[in-house]
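Inside the fold
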Amino acid sequence: MNKIVKKEQFSEKVFLFEIEAPLIAKSRKAGNFVIVRVGKKGERMPLTIAAADIEKGTITLVVQMVGLSSKKLCALNVGDYVTDVVGPLGNPTKIEKYGTVVCAGGGLGVAPMLPIIQALKAAGNRVLSVMAGRSKDLIILEDKVRESSDEVIIMTDDGSYGEKGVVTVGIEKFIEQEPHVDKVFAIGPPIMMKFSNLTAQKHNIPCEVSLNTIMVDGTGMCGACRLTIGGKTKFVCIDGPEFDGALVDWDEMFKRMGTFKREEQEELSHYEEHLDSENTKDAKVTIDTIGTIGTIKTTDPIETLTDRNASWREELRKSMKPKERTAIERVIMPELDPVYRATTRTEEVNIGLTKEMAMTEAKRCLDCAKPTCVEGCPVNINIPSFIKNIERGDFLAAAKVLKNTSALPAVCGRVCPQEKQCESKCIHLKMNEPAVAIGYLERFAADYERESGNISLPEIAPANGIKIAVVGSGPAGLSFAGDMVKKGYDVYVFEALHEIGGVLKYGIPEFRLPNKIVDVEIENLAKMGVHFQTDVIVGKTISVEQLEQQGFKGIFVGSGAGLPNFMNIPGENSINIMSSNEYLTRVNLMDAANPTTDTPLNPAKSVLVVGGGNTAMDSCRTAKRLGADVTLVYRRSEVEMPARLEEVKHAKEEGIKFLTLHNPIEYIADEQGAVKQAVLQVMELGEPDASGRRSPVPVEGKTVTLDVDQVIVAVGVSPNPLVPKSIDGLELGRKNTIVVNEEMQSSRAEIFAGGDIVRGGATVILAMGDGRRAAQNMDEFLQKK
């Protein structure tokens, strides 16, 4: 996959590549684009598909060397592999029989215009094509354009070929010579498209333009591509890329296209540092095992390890009186020093428990006959059993119990809000004592097993030969996949991004959840038999119908809530105002803060983070680690903050300023379009809303203005419509959530769903609980069939 089979040079800096991508070639339509990444350090770069050959299984891209990423791509040769190619993305061009159309391509814009010209001609239109470039060597694909055009005009700035002049001269000539022109299509540099549109507008002719904006993921997850279209904010990657040119805010687009201009120039000056020796190989999941402690792999069956009446367990209960257990003080998690940890992105804040600390904390568990803590766990972990195995010193057995029900124990032990779930049901709370530190103990057992090197896998039922597809590799998808593979199914997980893990990789910083922890959990699933495929967007690269044709009998959709919310206030589309999704993806997944990686991130001195949830905490703590002075602004009081208390505590310790009861109402930009100030409305608390929290109301006439050079908006996410809207017959709920019954089954019987795509937004553990429930019910459904 992604092998370069042809490379052709048009000019000093313009190249054509033909790349093996059979799924994309089969599903691509005129107007679609792909996201390309070159090398492990590479940036995700959007490129429009110029052609596709279904028989050969190839797509054609035309690239101009203008920046670091395009330079790295153009350095590849026939036989090399492009690390990642994902697509087709965007909405295809609306092709119909308009009558007479003018197709204007400026420079490289001729390449994406070519398939549109071909499709318009095939639909029965009279096609008049204008090809424009600065000079003759920038006029590309002329023969192919002529094949599908009724007439062609060539314009060059210097007059070295065709007629001397700009693209609008050619458009005017066609409009003047024709009795009637029904539509103009224009693709090229933004300034060329703006004036092509103005020319068409002058004659009351609609003009369609294709916008190539800054992107990170290309699926609507980050919001980096947003622009004002017709007075409303649109995401180019999912709402476009083609729009009515008369509706585009061109001035805003010109400014936003220059967002990373300075950073990109700086990166180009250090080009050699950005090269890596593995840029022609596919990325693989790697494991970083931290030493060996020398423990013995437990051989006891799970039934013995979870039997409350087993002799070892009864002896353990008798070894201490309940009053002695409740008298033990709850363990305090060791942490890195706040001053030091605020300078390091990859060192985990919580250090973890020692063996002695874990065993002492485990003694606090009363081993209740009817453990209410299990009721509070969305994945129904046998909590007393794993804790009692820790108490007796059999840490590997504890891990085995955890993994019998949880696919991601090391992850859950770190990021789940245990204080609102399992620990909130602990019997100790009824005695006015702190709950048993279930989350800390879960993390300890999972970490101990990993570091020992004696990793056990759950028992796998005999293969039943039934193929199951999972859409998305986040917590819901991974939990579902783990349970289904244990039941004997052949499970394939399809991930849109270039790394497995979903929000665990792009959304949660390493100081809270190290990547090596996630990688080991994923590798364990792979060892159990789960197949993983990156760079596949179900609904774009391959459809649900195609999956069913390939023999998949059940499909689980766990595509998450990857569409960032914005506040729709004046100035919000200014440069250096990002969604938390974009900010965290650039830093966490793309490693933008590392000077040797390609993805840019503008440095900031004064950062404002808007929101009060865990994602807001992750964003402000990340910005602090990148050297900024950070203020978190939240419209309610601190009491109403939805973030975990531990995250709030850590943020305060690290020097984050909290400005509660304030809410942004406007951003002010400088001459370059970059944010320089935030105007905040002072708020007060009114009556409780539907959730029980007191609603914030503005204090009339009271505002505060702060000087800022970067804003991160963390006010929630919505389900990405890309997957659910691609499935025919699927009932959708509010904001494009997938409607499911209590069994997590959708309106299409073979499709189940869970996590944020159903809930609209939830925790890791709730998503995992959905995955487990869906697996149990899909298994029953398929067995009945």
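Each remark here, short or long, concerns the structure printed above.
Presented here is an overview of the structure given in this document. (Residues numbered from 1 in each chain as written. Predicted model: local features only at pLDDT ≥ 70, side-chain atom pairs only at ≥ 80, totals over all residues. Heavy atoms only, no water.)

Next up on the list: the pairing of strand β11 (residues 183–187). Taking burial as the measure, the 5 residues of β11 include 5 buried ones, the bulk of the element. The side-chain alternation of β11 yields two buried faces, one formed by Lys 183, Phe 185 and Ile 187 and the other by Val 184 and Ala 186. When strand β7 (residues 100–106) meets β11, the two strands line up parallel, connected through 5 bridges. The residue bridging Gly 105 from the neighbouring strand is Ile 187, located in β11. The sheet contact formed by β11 and strand β12 (residues 207–210) spans 3 bridges and is parallel. When the bridges of β12 are listed, Ala 186 appears paired with Val 209. The handedness of the β11 to β12 crossover, carried by helix α6 (residues 190–202), is right-handed. (Buried < 20%, exposed > 50% of the residue type's maximum accessible area, 1.4 Å probe, protein only. Helix = DSSP H or I, 4+ residues; strand = E, 2+ residues; numbered from the N terminus. Pairing = 2+ DSSP bridges. Right-handed = clockwise from strand over helix to strand, strands pointing away.)

With that settled, the discussion passes to the pattern of salt bridges. The final tally for this structure, using the stated rule, is 52 salt bridges. With its nearest N and O atoms 2.9 Å apart, the salt bridge here joins Arg 126 to Glu 151. Separated by 25 residues along the polypeptide, Arg 126 in strand β8 (residues 126–133) and Glu 151 in strand β9 (residues 151–156) bring together distant segments of the chain. With a relative accessible area of 29%, Arg 126 lands in the partly exposed category. Judged by its relative accessible area of 30%, Glu 151 is partly exposed. Between Arg 364 and Glu 361 there is a salt bridge; the shortest N-O distance is 2.9 Å. For the residue pair Arg 364 and Glu 361, the accessibility class agrees, reading buried in each case. A single network of salt bridges, built from pairs that share partners, joins Glu 335, Arg 341, Arg 512, Asp 618, Arg 621, Arg 625, Glu 647, Lys 649, Glu 653 and Glu 654. (Salt bridge = Lys/Arg side-chain N within 4 Å of Asp/Glu carboxyl O.)

Within the fold, Lys 194 resides in helix α6. Residue class for Lys 194 comes out buried when judged on its relative accessible area of 19%. Along the chain, Lys 194 and Leu 497 lie 303 residues apart, while their C-alpha atoms are 32 Å from each other. Here Lys 194 is in contact with Trp 250, Asp 251 and Phe 254, once residues within four sequence places are set aside. (Contact = heavy atoms within 4.5 Å.)

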